[in-house]
Amino acid sequence: MKKFLALFLAAVLVCSTAVMFAGCGGKTESSSAASDSKTSDSKSSESTATKGELHMATNAAFEPYEYQEGGKVVGIDAELAQALCDKLGYTLVIDDMEFDAIITAVSSGKADFGMAGMTVTDERKKSVDFTDSYTTAIQAIIVNDGETKVAKADDLKGATVGVQLGTTGDIYVSDMEKDGTKVERFSKGADAVLALTQKKVDAVVIDNEPAKKFVEQNKGTKILDEPFENEDYAICLKKGSELTEQFNKALAELKADGTVKKIIDKYIKAS
Ligand code: GLN
C-alpha cells in the first residue's frame, strides 16, 4: 500500500511539473510580445544586467505592427523592440500616443526611441535620426466594393481621400491637393476606414499591412491592386543619440540570426 502511495505521489508530481512547464511555455509564447516590460525577465537576453528603462513612443492602433491586446501593446514593433532591449540589457516601457506626437516625444527626449511602422523620410530626418531599416512597406489604397471613381492611384486626384494625420499617406495625398484632391485627416487609421464605409470619403491611403487588417475587419471594402509608394520602416531616435549605434548593431545581429524574420512571419502570414 505504501509503495502504491509513493508511486501515486510520484506520478502526481511528474504530472503537475509537466503541467507547470506547459503552462509556462504557453504563457511565454503569448506574452512574448509583451509591451510594458517592466516585468521583463530578460529570458532571451544576452545581457542580464539592466541598464535601466528605455521608453518607446508608439501609436498602438496599427495592427500588425502595434496594437492593444489584453491590456498590452503587441505586434511586430513591440516584439522587435523587446528583443533589442533584451539583447542590450534595457527594460522596455511602451508609451502609447498619437502617431503625430511620436517625433516630438523622441526629439524632446520624452521618449528614448520611436517605433511605429514609421517610414524613413528626409523631412523626419531633419528632426530625428533613424536606425537601419528593419522592414519595407507600401502604401495601399482602400475603397468600397463597387467603387468606380477611384480605380488606380491617379484617380485620387480630385477625390476625397481619408488618411491618418501626419503619416506618409497624408504627405502623398496632400501633394494632390493642388489637383483638387480633398484630404480628410483622422488621428486613427480605423476612423478613416469608418468614414470610408460611411461613404464620407472615396478612398483611404494607408500602409499595406494595416490596410489588410482594416479590410478584414470591414466587409464591403477592398484594396486596389496597384501598389502605390514603397517605403522603409526604421526606429527613430533623438539626433546624435548614442543608442542609434547600439540599436544598429543589435538589429544586425537579430537580422542575421533570423529573429527579425521570425517576428515578422509570426504576424504577417505569407499570402
Ligand atoms: N508608415 C507611415 C508613416 O510613417 C504610417 C505609420 C503609422 O501610421 N503608424 O507615416
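Basis of the calculations
Residues numbered from 1 in each chain as written. Predicted model: local features only at pLDDT ≥ 70, side-chain atom pairs only at ≥ 80, totals over all residues. Heavy atoms only, no water. Helix = DSSP H or I, 4+ residues; strand = E, 2+ residues; numbered from the N terminus. Buried < 20%, exposed > 50% of the residue type's maximum accessible area, 1.4 Å probe, protein only. Contact = heavy atoms within 4.5 Å. Areas by Shrake-Rupley, 256 points an atom, 1.4 Å probe, with all protein chains shown as cover. Phe/Tyr/Trp six-rings, centres within 6.5 Å; stacked < 30°, edge-to-face > 60°. pLDDT = per-residue confidence, 0-100. Pairing = 2+ DSSP bridges. Axes fitted to C-alpha atoms, helices over the stretch in contact; angles between N-to-C directions. Near = heavy atom within 4 Å. Polar contact = N/O pair within 3.5 Å; in protein donor to acceptor, adjacent residues only side chain to side chain. Nonpolar A, V, L, I, M, F, W, Y, C, P; charged D, E, K, R; others polar.

## Looking at the overall build of the protein
Part 1: A tally of regular secondary structure across the protein gives 9 helices and 14 strands.
Part 2: The buried share of the protein, taken over its 271 residues, is 47%.
Part 3: Within the protein, contacts between residues at least 6 apart in sequence are counted, and of these 74% link residues at least 24 apart.
Part 4: Carbon and sulfur atoms form 55% of the exposed surface of the protein, whose accessible area is close to 13800 Å².

## Details of the packing of aromatic side chains
Part 1: Scanning the model with the defined rule gives 5 aromatic pairs in all.
Part 2: Taken together, a centroid distance of 5.0 Å and an interplanar angle of 80° make the contact between tyrosine 65 and tyrosine 233 edge-to-face. Here the residue tyrosine 65 occupies a position in the loop between strand 2 (61–62) and strand 3 (66–69), and tyrosine 233 occupies one in strand 13 (residues 230–233), the gap between them amounting to 168 residues. The exposure classification of tyrosine 65 matches that of tyrosine 233, with both residues buried.

## Observations regarding the confidence of the model for the protein
Part 1: The pLDDT averaged across the protein works out to 86; a share of 81% of its residues lies at or above 70.
Part 2: The low-confidence segment residues 7–45 (pLDDT under 50) makes 37 contacts with residues lying over four places distant or belonging to another chain.

## With respect to the sheet that holds strand 14 (residues 236–238)
Part 1: Across the sheet, which stays open at both edges, the 5 strands sit in the order 5-1-6-14-7 with mixed pairing between neighbours. Single-partner strands in this sheet number two, and they are strand 5 (91–96) and strand 7 (128–130).
Part 2: Two strands pair when backbone bridges link them, and strand 7 and strand 14 are joined in this way by 3 bridges, in the antiparallel orientation. Bridge pairing in strand 14 places aspartate 129 opposite leucine 237.
Part 3: Contacts between helix 2 (residues 76–88) and the sheet are confined to strand 1 (53–58), strand 5 and strand 6 (113–114), with strand 5 contributing the most and set at about 150° to the helix.
Part 4: Along the sheet, helix 8 (residues 243–256) contacts strand 1, strand 6, strand 7 and strand 14; its crossing angle with strand 14, the most-contacted strand, is approximately 150°.

## Here's the deal with the site of the ligand
Part 1: Surrounding the ligand, one finds 13 residues, the nearest of these being Gly117, Thr119, Arg124, Thr168 and Asp207.
Part 2: Backbone polar atom of glycine 117 to a nitrogen atom of the ligand: 2.7 Å apart, as the coordinates give it.
Part 3: Considered on its own, the ligand offers 290 Å² of accessible surface; in the complex 100% of this is hidden by protein.
Part 4: Looking at the shell around the ligand residue by residue, the class counts come to 5 nonpolar, 5 polar and 3 charged.

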